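As a plain string of letters, each chain reads:
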Amino acid sequence: QVQLVESGGDLVQSGGSLRLSCTASGRILGIYYMGWFRQAPGKQRELVASINKAGNINYGESLEDRFTISRDIAKNTAYLQMNNLKPEDTALYSCKFMIQDASRRTIEYWGQGTQVTVSS
């Protein structure tokens, strides 16, 4: 059974920084996509950043100047470095991986989410 575990969410002041981590465990043959999404209360979930197996990166609108996605393939881990945080960044941040598991099927997995709260 594959699981994703996120960490790093916290309460920070405006202008602060956080680094989120998402690690996949279980019988993993390959990871084809790693993405970070966020959902604020009353709003739709949105893409924050993603990286595919080839290393191609996408960022949500207007986030690239403050957020950086990276990965450690050997550790099955994706990171999200967030700088100059603003109150509007407050949300539940969740990771999504596309993983080929022991069944050789490629399946979408989600983490449980980690809360980021930015105070003004």
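Each remark here, short or long, concerns the structure printed above.
Read on for an overview of the structure. As the structure is a prediction and not an experimental result, all values here were calculated from the model. (Residues numbered from 1 in each chain as written. Predicted model: local features only at pLDDT ≥ 70, side-chain atom pairs only at ≥ 80, totals over all residues. Heavy atoms only, no water.)

## Here's the deal with the side chain of serine 21
Note the threshold: Numbering of helices and strands runs from the N terminus, with a helix taken as a DSSP run of H or I at least four residues long and a strand as a DSSP run of E at least two residues long. Here the term buried applies to any residue with accessible area under 20% of the maximum for its type, exposed to any over 50%, and partly exposed to those in between, with areas from a 1.4 Å probe on protein chains only. Between two residues, a contact is recorded if the distance between any of their heavy atoms is within 4.5 Å.
Relative to the assigned elements, serine 21 resides in strand E3 (residues 18–25). Assessed through its relative accessible area of 17%, serine 21 is described here as buried. In contact with serine 21, not counting residues within four places along its chain, are Val5, Glu6, Ser7, Trp36, Thr77, Ala78 and Tyr79.

## Re unusual backbone geometry
Of note in this structure, asparagine 76 is not a glycine but carries a positive phi near 55 degrees. Assignment of secondary structure puts asparagine 76 in the loop between strand E7 (67–72) and strand E8 (77–82). With a relative accessible area of 22%, asparagine 76 lands in the partly exposed category. Even without a glycine there, the phi angle at asparagine 84 is positive, about 50 degrees. Position of asparagine 84 relative to the elements: it lies in the loop between E8 and strand E9 (91–101).

## Quick word on the packing of aromatic side chains
Each pair of aromatic rings is reported with the distance of its centres and the angle of its planes. Quick note on the threshold: Any Phe, Tyr or Trp ring, taking Trp's six-membered ring, that has another such ring centre within 6.5 Å forms a pair; planes under 30 degrees apart are called stacked, those over 60 apart edge-to-face, and the others tilted.
Here the structure, examined in full by the defined rule, presents one aromatic pair. Between phenylalanine 37 and tryptophan 110, the ring centres sit 5.2 Å apart and the planes meet at 55 degrees, which makes this aromatic pair tilted. Of the two residues, phenylalanine 37 sits in strand E4 (residues 28–39) while tryptophan 110 sits in strand E10 (residues 106–110), which places them 73 residues apart along the sequence. Assessed through its relative accessible area of 12%, phenylalanine 37 is described here as buried.

## Structural notes on the sheet that holds E7
Paired through backbone hydrogen bonds, the strands of a sheet run either parallel or antiparallel to each other. To keep things clear, this is the line we draw: Paired strands, in this sense, are two strands between which DSSP finds at least two bridges. Every axis in this analysis is a line fitted to C-alpha atoms, fitted for helices over the stretch in contact. Angles between the N-to-C directions lie between 0 and 180 degrees.
Read across the open sheet, the four strands follow the order E1-E3-E8-E7; overall the sheet is antiparallel. The strands lining the two open edges of the sheet, one partner per strand, are strand E1 (3–7) and E7. Averaged over all adjacent pairs, the angle separating strand axes in this sheet is 15 degrees, with direction ignored. Sheet topology places E1 next to E3; five bridges connect them, and they run antiparallel. Among the inter-strand pairings, valine 5 is bridged to a residue of E3, identified as threonine 23.

## Some points on the pattern of salt bridges
Condition: By convention in these notes, a salt bridge is any Lys or Arg side-chain nitrogen within 4 Å of a carboxyl oxygen on Asp or Glu.
Applying the stated criterion across every chain, the model contains four salt bridges. Arginine 38 is paired through a salt bridge with aspartate 89; the nearest N and O atoms lie 2.9 Å apart. Residue arginine 38 is located in strand E4, and its partner aspartate 89 is located in the loop between E8 and E9; the two are separated by 51 residues in the primary sequence. Accessibility classification places arginine 38 together with aspartate 89 in one group, the buried group. In this structure, glutamate 108 and lysine 96 form a salt bridge, with 3.6 Å as the shortest nitrogen-oxygen distance. Here the residue glutamate 108 occupies a position in strand E10, and lysine 96 occupies one in strand E9, the gap between them amounting to twelve residues. Residues joined in a network through salt bridges with shared partners are Arg38, Glu46, Arg66 and Asp89.

## What to know about the state of the cysteines
Here is the rule: Two cysteine sulfurs form a disulfide in these notes if their separation is within 2.5 Å.
As enumerated under the stated definition, the model contains one disulfide in all. Each sulfur in the disulfide pair cysteine 22 and cysteine 95 lies 1.9 Å from the other. When the S-S torsion is 55 degrees, as for the bridge of cysteine 22 with cysteine 95, the disulfide is right-handed. Of this pair, cysteine 22 sits in strand E3 while cysteine 95 sits in strand E9, and the two are 73 residues apart along the sequence.

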